[in-house]
Amino acid sequence: MGSQFQEPSTSPNVAIIGAGLTGLLAAHGLKKNGFSNITIYDRDSSPTCRPRDWTIVLHWAMPAFLDLLLPGRHQNKGQTLNGQGRGSEEFLAQALCNPNIEFSEYTESLVCYNGQTGDHLFSSLMKDSRRVSRQKLRNVLLQGLEAEGISVQWGKQLVEICQEHGTNHADESLSLRFSDGSVTTGIDYVLGADGPSSKVRELLFQGKGEDAKLASSGFVMSSCLATYPDTEVIEKLVEKHPVASLTMSLHSVMGYGVMYAPNPDDKSTWTAFWHKIWKSNLAALPVSRTGQEALDYLKSSTTGLPEPFQSAIDKTPAGSPCCIDELKYWNPRPFQHPSGRVTLAGDAAHPMLPYRGQGYQHAVTDVRNFVDAMTKICCGGEDSKHTMAEYDAELVKRGSEAVMQALKEAELSMNPETVGRMLMVRKGHGKSA
Ligand SMILES: Cc1cc2nc3c(=O)[nH]c(=O)nc-3n(C[C@H](O)[C@H](O)[C@H](O)COP(=O)(O)OP(=O)(O)OC[C@H]3O[C@@H](n4cnc5c(N)ncnc54)[C@H](O)[C@@H]3O)c2cc1C
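Here the structure is a predicted model, which is why all the values come from computation and not from measurement. (Residues numbered from 1 in each chain as written. Predicted model: local features only at pLDDT ≥ 70, side-chain atom pairs only at ≥ 80, totals over all residues.)

Enquirer: Tell me about the overall build of the chain, and please be specific about residues and values.
Expert: Each helix and strand counted, the chain has 11 helices and 17 strands in total. Rg of the C-alpha trace for the chain: 22 Å, near the compact-globule value of 22 Å for 433 residues, within the 12% margin. When the backbone C-alpha atoms are referred to their principal axes, the chain occupies close to 70 × 50 × 40 Å. Here the contacts in the chain between residues at least 6 apart in sequence split such that 70% fall between residues at least 24 apart. (Helix = DSSP H or I, 4+ residues; strand = E, 2+ residues; numbered from the N terminus. Rg over C-alpha atoms; globule rule 2.2 N^0.38 Å. Contact = placed C-beta atoms within 7 Å.)

The following block contains the structure:
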């Protein structure tokens, strides 16, 4: 649908819970489509209080993503990326991990090597894709909202949603209670974009809290960032691919690439990322899941990789940021808030394993659908309960397929006999749910 700048006849009060990439994009999309009463609440005290960063590839959801962004410096300046204007390149350029490359079929592909021999296994083309820093993209989205007078209410951890009863159905509104004891009343719609351990999801399944709980996948993932004094390490990594590459071995999948590249002429200023996924759980880990102990453990237990990948691990300087997380998921199941005006989007709706980089692509799809549903209700006069129920049902069906595909993908990736059956090998990174 994507109607723009059409004022809803009455602009409802929309509360977005969570200022991650999903919540912020939802605020862009709503504001762009004429909704003026939008408030974003986040439990964190500031956008920088969790410094952890990782890379995200924007690929099949790129057209929807660009279409949802508020107009600004990123639009209508000539040359096109997905037909969106040169400015969209400029917008994304502020968030790119490695901006020092010419985009081409090669640089827009993810290349996978055999983790024992170093042989090329396959390349997956993600046309017009861009790998961005999650933190940088979040900052650019925040700046775009601030320019429109929309700011985030930080330090607001949602704990409860209550329905206020008026004299008739149309008068019923919602109130939000936060952990600092404050209460906000007069809310018409709530979008839960509060991430994998979503409180909104828990509240939607009130009384059946177990139904909303994350499940352990049986896999863990480490994430490390490294700036190498020996610049040869990153030079050789970039020769394998200037954006990112994978290796697949008997018992692990690893990803490597460029996280930041501030000075194109000085690779000692560049930071690489590397991830390792393997079968385990946190209880089985003999060490702390963060810091030097985790890094030392990863170095000692990651051996036999072909070069330059082994050196990228071995030469990671002491003190580099490093953590190990259990990979969890939630298989979406039907829900309905009694008011029909509380719903979910992004990782709150379908937390999945990061295989084939699908999580944020589906979050963008959710936001597109949510903005369209709100427009139908508020500009098209369609029934609120029915339209939101349609949104919820589609979200659950698509989300469940994507979550279970990502889990299966992880299982297939750990066995050389089944790697060939992976979606990534057969169909690349395209939309599959
Ligand atoms: C290593 C890694 C690589 C990835 N690569 C890709 C990729 O290549 N492509 C892709 O599409 N996806 C990828 N993903 C997935 C992607 O990062 C996520 O889907 C996306 O960032 C989810 O954003 P979100 O806003 O839904 O959730 P989050 O980023 O978790 O944001 C949720 C926000 O809600 C706030 N919050 C939580 N609880 C409350 C509460 N009770 N009250 C108020 N606020 C609250 C939090 O503080 C947070 O700011 C990757 C993920 C990882 C970990």
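Enquirer: Requested: an account of the site of the ligand, with residues and values cited.
Expert: Not every one of the 33 residues close to the ligand is listed here, only the nearest: Gly18, Gly20, Gly195, Gly346 and Gly357. It is helix H9 (residues 359-378) that provides the largest number of residues to the shell around the ligand, a total of four residues. Across the shell around the ligand, the residue classes tally to 13 nonpolar, 12 polar and eight charged. (Near = placed C-beta within 6 Å. Nonpolar A, V, L, I, M, F, W, Y, C, P; charged D, E, K, R; others polar.)

Enquirer: Mind laying out the domain arrangement of the chain, listing which residues take part and the relevant values?
Expert: Parsing the chain into structural domains produces domain 1 (14-52 + 136-214 + 331-408) and domain 2 (216-328). The straight-line distance from the C-alpha centre of domain 1 to that of domain 2 is 33 Å. Counting residues at the interface gives five residues for domain 1 and four residues for domain 2. Residue composition of the side of domain 1 that touches domain 2, grouped by class: five nonpolar, no polar and no charged. (Domains from an automatic or database assignment.)

Enquirer: Describe the pairing of strand E3 (residues 55-58), with residues and values.
Expert: Neither face of E3 is exposed, since Thr55 and Val57 on one face and Ile56 and Leu58 on the opposite face are all buried. Bridge count between E3 and strand E6 (residues 130-133): four bridges; the pairing is antiparallel. Bridging across to E6, Val57 finds its partner in Arg131. (Buried ≥ 20, exposed ≤ 12 C-beta atoms within 10 Å, placed from the backbone. Pairing = 2+ DSSP bridges.)

Enquirer: Any chance you could break down the sheet that holds strand E10 (residues 183-187) for me, citing the residues and the numbers?
Expert: The strand order E8-E9-E10 describes an open sheet built from three strands, whose pairing is antiparallel. The open sheet has two edge strands with one neighbour each: strand E8 (158-164) and E10. Mean inter-strand twist for the sheet, computed between neighbouring axes without regard to direction, equals 20°. As defined by bridge partners, E8 adjoins strand E9 (residues 173-178) across six bridges and the pair is classed as antiparallel. Pairing of Glu160 across the sheet is with Arg177, part of E9. (Axes fitted to C-alpha atoms, helices over the stretch in contact; angles between N-to-C directions.)

Enquirer: Can you tell me about the pairing of strand E13 (residues 244-248), naming the residues and giving the values?
Expert: The buried count for E13 comes to five of five residues, which makes it a mostly enclosed element. Residues Ala244, Leu246 and Met248 point to one face of E13 and Ser245 and Thr247 to the other, with burial holding for every one of them. Bridge count for strand E4 (residues 109-114) against E13 is four bridges, and the pairing is parallel. From the neighbouring strand, Asn114 faces E13, where its bridge partner is Met248.

Enquirer: Run through the confidence of the model for the chain, naming residues and quoting values.
Expert: Mean pLDDT for the chain: 92, with 92% of residues reaching 70 or above. Note on residues 73-80: pLDDT is under 50 here. Beyond four places in sequence and across chains, it has 21 contacts. (pLDDT = per-residue confidence, 0-100.)

Enquirer: So what's going on with the packing of H9 against helix H10 (residues 384-413)? Which residues, and what values?
Expert: For the pair H9 and H10, the least separation of the axes is 9 Å and the interaxial angle reads 170°. One finds that H9 runs roughly antiparallel with respect to H10. Across the interface between the two elements, His362, Asp366, Asn369, Phe370, Ala373, Lys376 and Ile377 from H9 touch Ser384, Thr387, Met388, Tyr391, Glu394, Leu395, Arg398, Gly399 and Ala402 from H10. Of the residues assigned to the contact of H9 with H10, the class counts are seven nonpolar, five polar and four charged. (Parallel < 35°, antiparallel > 145°, perpendicular 65-115°, else oblique.)

Enquirer: Tell me about the environment of His120, and please be specific about residues and values.
Expert: Mapped onto the elements, His120 comes out in strand E5 (residues 120-125). Given 12 C-beta atoms within a 10 Å radius, His120 is considered exposed. Taking C-alpha positions, His120 is 10.0 Å from Leu246, a pair spaced 126 residues apart along the chain. Setting aside residues up to four positions removed in sequence, His120 forms contacts with Val111 and Tyr113.

Enquirer: Quick rundown of the packing of helix H1 (residues 21-32) against helix H4 (residues 134-146)? Include the residues and the values.
Expert: Taken N-terminus to C-terminus, the directions of H1 and H4 make an angle of 30°; their axes are 10 Å apart at the nearest point. The angle between H1 and H4 falls in the class roughly parallel. When you trace H1 past H4, the crossing you get is left-handed. On H4, the residues touching Leu21, Leu24, Leu25, Ala27 and His28 of H1 are Arg134, Leu137, Arg138, Leu141, Leu142, Gly144 and Leu145. (Left-handed = near helix turned anticlockwise from the far one by under 90°.)

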